[in-house]
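Here's the letter readout for the chains.
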Amino acid sequence: MGADQKDMEDTHLAKERVVERPFAEFREECKGLLIGALNEEGLEFVEDDVRLAVPSVPDYGNLSFSTFSVAKKNGKNPKDLADSLASRIASYEKFLVERVESAGAGYVNFFVNYTKFAEVTLEAIRKIKEGFGRLGERDEKVIVEHTSVNPIHPIHVGGARNAVIGDTLARVLRAAGYEVSRHFYIDDVGLQVAQASYGYSKLGDVPVSGKSDHFVGFVYAVTSCAMSIKSLQREIERLKSEGKDEGVREKLGELDDWVGVASELRAKNEKVFDAVYQAISESENPEGEVADLLRRYEKKEEEAVKLIRRVSELALAGFRETLARANIEFDSWDWESELTSWNGGAETVVEWLLRTGFGRVEEGTAILDCEEVARRYGLKERYGIKGEVPPLTLKRSDGTTLYTTRDIAYTLWKFDRAERVINVISLEQKLPQLQLKLALYALGLGGLAENLVHFSYELVHLPGKKMSGRRGRYVTFDEVMDEAVERAYEEVSKRSPHLSEEERKKISEVVGVGAVRYALVAVAPNKPITFTWERVLNFEQNSGPFIQYAHARASNILAKAHQSFGGVEADYAGMSTRYERDLVVKLSLFPEVVSEAAKSLRPELIAEYANELSATFNIFYDNVPVLKTEDERLKIARLGLVEGVKTVLANALSMMGINAPTRM
RNA sequence: GGGCCCGUGGCGCAGACUGGAUAGCGCGUCGGCCUUCUAAGUCGAUGGUCGAGGGUUCAAAUCCCUCCGGGCCCGCCA
């Protein structure tokens, strides 16, 4: 077979078959060549030794193999081994691999055949469009529970981080072929909701005003403030009478803090503040009333249900509005009361646990001996537990259940509907999430524990202080989006004054929200974030708008092209600049990034990739004319490249829940 | 006190799980590039003993140990 004939056959092959994962294909080919050569050398190696890495500089090729460990295993010189492997591979038949080089002190570098690679990659994108980067369907149901903000205050930026990470993770897993269901767990059986509702009941004829979740948040802050002040005052009296001066001093400091909070709150809304604060001040025993309300709610007493549901619904209505604006949807809103409390689920869990012998009743409270569970099942090693695991209180002495107990029942409910459960919950809750797993083991359901993932993320701090719902001190998701959209509007108006007011509004909404989502998902979840406006209002490189802008530029070229990319006549070989080649390789990597992001649960990889692709495209844009290309066949190839960029950027943005505007 | 997370140029981050060839990127600062597909762009300059010290290795930002600094958790809250 002559060289020409072989090329034709290869081309034909590329046309017939859609290569959904071009880079993976290239990698596999390299690996095959390498294994062939290693076998021919008669060397001893395991599959794991044949690891190919993307080299640090382009001079070293597109993938590189380091011979050191195999050389050592076989008593060879790494450099000599690299030389002989490279020369053997040189004579092998190749498809996507152009050539191989021995370099450095023992590296075999693989160079891709750009002409074929461009064709294979761009054809694949053109054919499968939004499917490029999606991987094959898998027969595995995954529940992603995220956000789950208590219905007692608006979603603040910490909750926004959870929501954005959770939503992106769900989208990535879906793209990777899993059957994903997104759940919001409404913790309406918590003490805090009872507290907010108690405060709400003291409003009298003061009407709900403003956005409903913000209103509930305000009532909750006033309530907790009034209750804290009252209980601190009592505490101080008691300590005084007992002559504990240092205790008194400490409590006075706390009281001071709360008095400050009170005046902050009163300045915001006098009417609501006065109504709630006064009623609570006059109450004999607010804590008792809250506890009583919660007890009656768990027993599903009509009046309590009416009140708590009313408050919860107010908060949720606000959440829905906020989340919809951020492109975040749920497949299921799970009421804790219904799934764990009123159906007796949590009670049953407590009974089961008591019967396992790991649980016991102490002074009227039910307790799970987590330390004993961990030891019995040998989990200390597995979960890297060094100290003692504190016991988990399952039931209060008044008979009501605690959050983690209900979470056990909820987890069982989730596992009736999915094989894997991922909970996006802040790192703060590491211990209860561990206790949850231990409880599953105690119940003899260790298998479920192994498929339960606590996807943790770090908190968002305000400069100087921690956000506090109880103190009404937080920056809300709403505010952040408002501010970003406003900033985007100024920018759009400045740059595109020719667009209609309506269109500018539409674009700035998409750009502002995109900036916020990107800023929250781009930082690795295990890094604490200090909130600054600068961080979310960044519209330059490494931002949502930067990627959207690249997408708009690509769209613009295509809109002006008046001709489309019909692969047949395209001159792929003509795309020989490094700008074009880098772009092709970058595009081919998208499915690999999705695969890695889904496998290792790292949504931030999508953000990082989209940013890199945008930067690579911008460099191309500045250096390679597309519409002005003289040669028609080359122009068609370049249009294909631009179309590929547009498609992949849109796919990546969509995976982050960010819209891709065609102009901005 | 015990445990977990983090520490990379002035600031914000990637790279660490799976060790490889000159540690990347953004912001900032200084200086270029719009009669050429949108300058939210791009090019150049500046700037890092990868918190400190030891160890393992042919090779360490990456793995192990000790220490220092910051955050978080250790509740009949969630």
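Position labels on residues start from 1 in each chain and follow its written sequence. Key to labels: chains lettered from A, ligands numbered from 1, both in the order written. A pLDDT threshold of at least 70 governs which residues receive local features in this predicted model, and a stricter bar of 80 or more applies before side-chain atom pairs are shown or counted, although totals over entire chains, interfaces and linings include all residues. Think of the side-chain values as coming from all heavy atoms in the structure, minus any hydrogens and water.

(A) The layout of surface pockets, seen in detail. When its volume is computed, the largest pocket comes out at roughly 1400 Å³. Secondary structure elements are taken from DSSP: a helix is a run of H or I of four residues or more, a strand is a run of E of two residues or more, and numbering for both begins at the N terminus. Those elements that provide at least two residues to the lining of the largest pocket are α6 (157-175), α7 (191-201), α8 (212-241), α11 (286-298), β10 (392-395), α17 (403-415), β11 (420-426) and α18 (430-442). It is α8 that contributes the most residues to the lining of the largest pocket, five residues altogether. Here the term charged refers only to Asp, Glu, Lys and Arg, the term nonpolar to Ala, Val, Leu, Ile, Met, Phe, Trp, Tyr, Cys and Pro, and the term polar to all other amino acids, Gly among them. A class-by-class count of the residues in the lining of the largest pocket yields 18 nonpolar, 21 polar and ten charged. A pocket here means an open set of points on a 1 Å grid, computed over the protein atoms alone, that has protein on both sides within 12 Å along at least five of seven lines. A cavity is instead a set of points where a 1.4 Å probe fits but cannot get out; residues with an atom within 4 Å of a point line either one. Grid points are joined across faces, edges and corners, and a volume is the space filled by probe spheres set on the points.

(B) View of the sheet that holds strand β2 (residues 63-66). Across the sheet, four strands lie side by side as β1-β2-β4-β3; this open sheet has antiparallel pairing. Taken across any chain shown, the strands that pair with only one partner, and hence form the sheet edges, are β1 (52-53) and β3 (97-103). Pairs of strands are assigned from DSSP output, requiring at least two bridges between the strands. Two strands pair when backbone bridges link them, and β3 and strand β4 (residues 107-112) are joined in this way by six bridges, in the antiparallel orientation. Looking at the pairing, V97 lines up with V112 of β4. Across the sheet, helix α2 (residues 22-40) touches β1, β2, β3 and β4, and the angle it forms with β4 is around 140 degrees. Whether two residues are in contact is decided by their heavy atoms: any pair within 4.5 Å suffices. Angular values range over 0 to 180 degrees, each being the angle between N-to-C directions of two axes fitted as lines to C-alpha atoms, with helices fitted over their stretch in contact. Across the sheet, helix α4 (residues 78-90) is in contact with β2, β3 and β4; its angle to β3 comes to roughly 160 degrees.

(C) Structural detail: the protein's contact with RNA strand B. The criterion for a residue being near a molecule or strand is simple. One of its heavy atoms has to lie within 4 Å of it. Y107, R495, Y549, N556 and R602 are the nearest of the 63 residues found near RNA strand B. In RNA strand B, the atoms that sit within 4 Å of the protein are 64% sugar and phosphate, with bases accounting for the remainder. Side-chain polar atom of R553 to a phosphate oxygen of RNA strand B: 2.4 Å apart, as the coordinates give it. We call two N or O atoms a polar contact when they sit within 3.5 Å, provided that within protein one can donate a hydrogen and the other can accept it, with sequence-adjacent residues counted only if both atoms are side-chain atoms. K628 has a polar side-chain atom sitting 2.9 Å from a sugar or linking oxygen of RNA strand B. When residues of the surface near RNA strand B are traced back to their parent elements, those giving at least two are β2, α3 (68-73), β4, α17, α18, α20 (477-495), α23 (544-561) and α26 (604-623). For the surface near RNA strand B, the element with the most residues is α23, which contributes seven residues. Residue classes in the surface near RNA strand B are distributed as 25 nonpolar, 16 polar and 22 charged.

(D) Highlighting the side chain of Q548. Position of Q548 among the secondary structure elements: in helix α23. In this structure the side chain of Q548 is engaged in a polar contact, spanning 2.9 Å, whose partner is the backbone oxygen of N659. Excluding residues within four positions of it along the chain, Q548 makes contact with V510, V511, G514, L653, I658, N659, P661 and M664.

(E) Local environment of empty space enclosed by the protein. Counted according to the given criterion, the structure contains one cavity of 30 Å³ or more. As a volume, the largest cavity reaches approximately 30 Å³. The wall of the largest cavity is formed by V460, L520, I529, F531, R535 and V536. Considering only residue class, the lining of the largest cavity consists of five nonpolar, no polar and one charged.

(F) How the structure looks around the packing of aromatic side chains. Geometry of aromatic contacts follows a simple scheme: Phe, Tyr and Trp rings, the Trp one being its six-membered ring, pair when their centres are within 6.5 Å, and the pair is stacked under 30 degrees between planes, edge-to-face over 60, tilted otherwise. Inspection of the entire model under this criterion finds 19 aromatic pairs. Ring plane angle 65 degrees and centroid distance 5.6 Å describe the contact between F23 and F26, whose orientation is recorded as edge-to-face. One end of the pair, F23, and the other, F26, are both in helix α2, three residues apart, so they sit about a helical turn from each other. Only protein chains enter the calculation, and the probe is 1.4 Å; a residue is then buried if its accessible area is under 20% of its type maximum, exposed if over 50%, and partly exposed in between. Residue F23 is classed as buried on the basis of its relative accessible area, which comes to 3%. Judged by its relative accessible area of 0%, F26 is buried. Relative to Y107, the ring of F68 has its centre 5.6 Å away and its plane inclined at 70 degrees; by these criteria the two rings are edge-to-face. Pair noted here: F68 is in helix α3 and Y107 is in strand β4, with a separation of 39 residues, a long-range link.

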